[in-house]
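Per-entry structural report
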Amino acid sequence: MIKDSPDPSASESEKQASHRPCPIFTIRPGINSETLLVHAYETLASANVMATELSSILTGPTCNLVLGIQQMIVLAQLSVNGVLDHLDPPQ
């Protein structure tokens with residue numbers, strides 16, 4: 001049985017256990033922050049390309065919605081890139 005929301009009468013540890021992510025996709029322990037950020041940046045870059053392609057085939061409000069999502073993706077990329085620059089400043 002899958003629970004949609006935790007039982008209000010459940011203990012704190014039971015509530016935390018019900019919010020654990022599904023272990024199908026996990027990050028191997030010991031991966032350094034820079035590697036994780038690089039992968040996050042690459043994932044955002046792929047999402048950016050997909051949103052750009054999608055916006056080119058849509059029109060009107062739906063296109064504007066996708067362009068708004070694309071802008072959020074680009075802002076996230078800039079943030080990740082800023083953190084990467086702090087970890088390994090450009091020469």
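Residues numbered from 1 in each chain as written. Predicted model: local features only at pLDDT ≥ 70, side-chain atom pairs only at ≥ 80, totals over all residues. Heavy atoms only, no water.

Below, the discussion takes up the overall build of the protein chain. Counting its secondary structure elements, the protein chain contains three helices and zero strands. Starting at the N terminus and walking to the C terminus, you meet the elements of the protein chain as α-α-α. Taking all 91 residues of the protein chain together, the buried fraction comes to 14%. Across the protein chain, every contact between residues at least 6 apart in sequence was considered, and the portion connecting residues at least 24 apart equals 56%. In the structure as shown, the protein chain presents an accessible area of about 7,600 Å², 61% of it carried by carbon and sulfur atoms. (Helix = DSSP H or I, 4+ residues; strand = E, 2+ residues; numbered from the N terminus. Buried < 20%, exposed > 50% of the residue type's maximum accessible area, 1.4 Å probe, protein only. Contact = heavy atoms within 4.5 Å. Areas by Shrake-Rupley, 256 points an atom, 1.4 Å probe, with all protein chains shown as cover.)

Where nonpolar side chains cluster on the molecular surface, the patch consists of Val-74, Leu-75 and Leu-78 and spans about 270 Å² of accessible area. On the basis of relative accessibility, which here comes to 31%, the residue Val-74 falls in the partly exposed class. (Patch = residues over 30% accessible without salt bridge, like charges linked within 9 Å, V, L, I, M, F, W, Y side chains within 5 Å. Salt bridge = Lys/Arg side-chain N within 4 Å of Asp/Glu carboxyl O.)

A word on the packing of helix H2 (residues 33-57) against helix H3 (residues 60-87). At a minimum axis separation of 9 Å, H2 and H3 run at an interaxial angle of 160 degrees. On the basis of their axis angle, the class for H2 and H3 is roughly antiparallel. Seen along the crossing, H2 lies across H3 with a hand that is left-handed. A class-by-class count of the residues in the contact of H2 with H3 yields 18 nonpolar, six polar and one charged. (Axes fitted to C-alpha atoms, helices over the stretch in contact; angles between N-to-C directions. Parallel < 35°, antiparallel > 145°, perpendicular 65-115°, else oblique. Left-handed = near helix turned anticlockwise from the far one by under 90°. Nonpolar A, V, L, I, M, F, W, Y, C, P; charged D, E, K, R; others polar.)

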